[in-house]
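The residues making up each chain are set out below.
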Amino acid sequence: MTETQVFQVDDSDYIVCRLQPEHTEPLQRLFDQCADYAMIVDGESVSPTAAEEIFHSVPAGRSLSDKFLYGFFNRKGDIVGVLEGIRHYPNDKTWWIGLLMLAPEVRGHGLGRKLIQGFSEYMRSEQGMSIMLGVVEENHA
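Residues numbered from 1 in each chain as written. Predicted model: local features only at pLDDT ≥ 70, side-chain atom pairs only at ≥ 80, totals over all residues. Heavy atoms only, no water.

Enquirer: When you look at the pattern of salt bridges in this model, what are you seeing that I'm missing?
Expert: Pairs can form between side chains of opposite charge once their charged atoms are near each other. According to the stated counting rule, one finds six salt bridges in the structure shown. With its nearest N and O atoms 2.7 Å apart, the salt bridge here joins Asp13 to Arg75. Taken together, the residues span a long stretch of sequence, with Asp13 in the loop between strand S1 (5-7) and strand S2 (14-18) and Arg75 in the loop between strand S3 (67-74) and strand S4 (79-86) at a distance of 62 residues. Judged by its relative accessible area of 63%, Arg75 falls in the exposed class. A salt bridge links Arg107 to Asp36, with the nearest nitrogen and oxygen atoms 2.7 Å apart. With Arg107 in the loop between strand S5 (94-102) and helix H4 (111-125) and Asp36 in helix H2 (residues 35-42), this residue pair connects regions lying 71 residues apart in the sequence. A residue is classified by how much of its surface remains accessible, and Arg107, at 30% relative accessible area, is partly exposed. (Salt bridge = Lys/Arg side-chain N within 4 Å of Asp/Glu carboxyl O. Helix = DSSP H or I, 4+ residues; strand = E, 2+ residues; numbered from the N terminus. Buried < 20%, exposed > 50% of the residue type's maximum accessible area, 1.4 Å probe, protein only.)

Enquirer: Hey, could you run me through the state of the cysteines in this one?
Expert: What is meant by a disulfide is a covalent connection between two cysteines, made through their sulfur atoms. All told, the structure shown has zero disulfides when counted by the stated rule. The thiol sulfur of Cys17 is not disulfide-bonded, and the nearest other cysteine sulfur, from Cys34, lies at 18 Å. Given the relative accessible area of 0%, Cys17 is considered buried. (Disulfide = S-S within 2.5 Å.)

Enquirer: Whenever I open this one, the sheet that holds S1 confuses me. Can you help?
Expert: By way of backbone hydrogen bonds, the strands of a sheet pair with one another, either parallel or antiparallel. Taken together, the six strands give an open sheet; going across it, the order is S1-S2-S3-S4-S5-S6, and neighbouring strands pair in mixed fashion. Every interior strand has two partners, whereas the edge strands, S1 and strand S6 (130-133), have only one. Geometrically, the sheet is characterised by an average inter-axis angle of 40° between neighbouring strands, direction not taken into account. Of the pairings in the sheet, the one linking S4 to S5 comprises six bridges and is antiparallel in character. The residue of S5 that forms the bridge with Gly81 is Leu102. (Pairing = 2+ DSSP bridges. Axes fitted to C-alpha atoms, helices over the stretch in contact; angles between N-to-C directions.)

Enquirer: Just to check I follow, could you spell out the packing of aromatic side chains for this structure?
Expert: Two aromatic rings are characterised by how far apart their centres lie and by the angle between their planes. Applying the stated criterion to the full structure yields 11 aromatic pairs. Ring geometry for Tyr70 against Tyr122: centres 6.1 Å apart, planes inclined by 80°, an arrangement best described as edge-to-face. Taken together, the residues span a long stretch of sequence, with Tyr70 in strand S3 and Tyr122 in helix H4 at a distance of 52 residues. Under the relative-accessibility criterion, Tyr70 is labelled buried at 1%. (Phe/Tyr/Trp six-rings, centres within 6.5 Å; stacked < 30°, edge-to-face > 60°.)

Enquirer: What am I meant to see in unusual backbone geometry here?
Expert: Peptide bonds are, in most cases, trans, and in most cases residues other than glycine have a negative phi. Of the consecutive residues Tyr89 and Pro90, the connecting peptide bond is found in the cis state with omega at 10°. If you trace the backbone, Pro90 turns up in the loop between S4 and S5. Its identity is not glycine, yet Gln127 carries a phi of approximately 70°, on the positive side. You can see Gln127 is positioned in the loop between H4 and S6. The exposure class assigned to Gln127 is exposed, which follows from its relative accessible area of 54%.

Shown next as C-alpha cells:
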C-alpha cells in the first residue's frame, strides 16, 4: 500500500489513510460486509453505490473541501473501517463525524476507541476544539 498515513492509531496492525476514488471498490466491499449497519440505519440492504455516494455527500452549505474520508487499513492493505465527516461543522471549532463503521471481524476489540483517540489528536493539531459524533439510536451495539 502506498497511501500516506493521516494520523496514528495506538495499534501497529492498522493505519489510517485518506480515501480516494480508486478505493471505491474495496470501500463498497466494506459497506457490503456491514449490511447489518445499513439495515439499522436505512431499514434496507446496502446500496450498490454506497461507496461512490459517500465520496460526494456533504451537508447543505458545505463543500467537498470541508469533507474528510479516511480508511482504516490492516497490514494486508484491506479496508476494515471508515471514518467520514466534515471539518468546522456545525461551527468553526467543531469537527463532525457522520460515519464510523468497522468491519464485523474487527469490532469489539477496542479499535473504534483507538481510532477516535488518534482522530482526536489529529483534529486538535488542526486547531479543532471538539468532535460531534452522529449516533444512530437504534444501534445498541
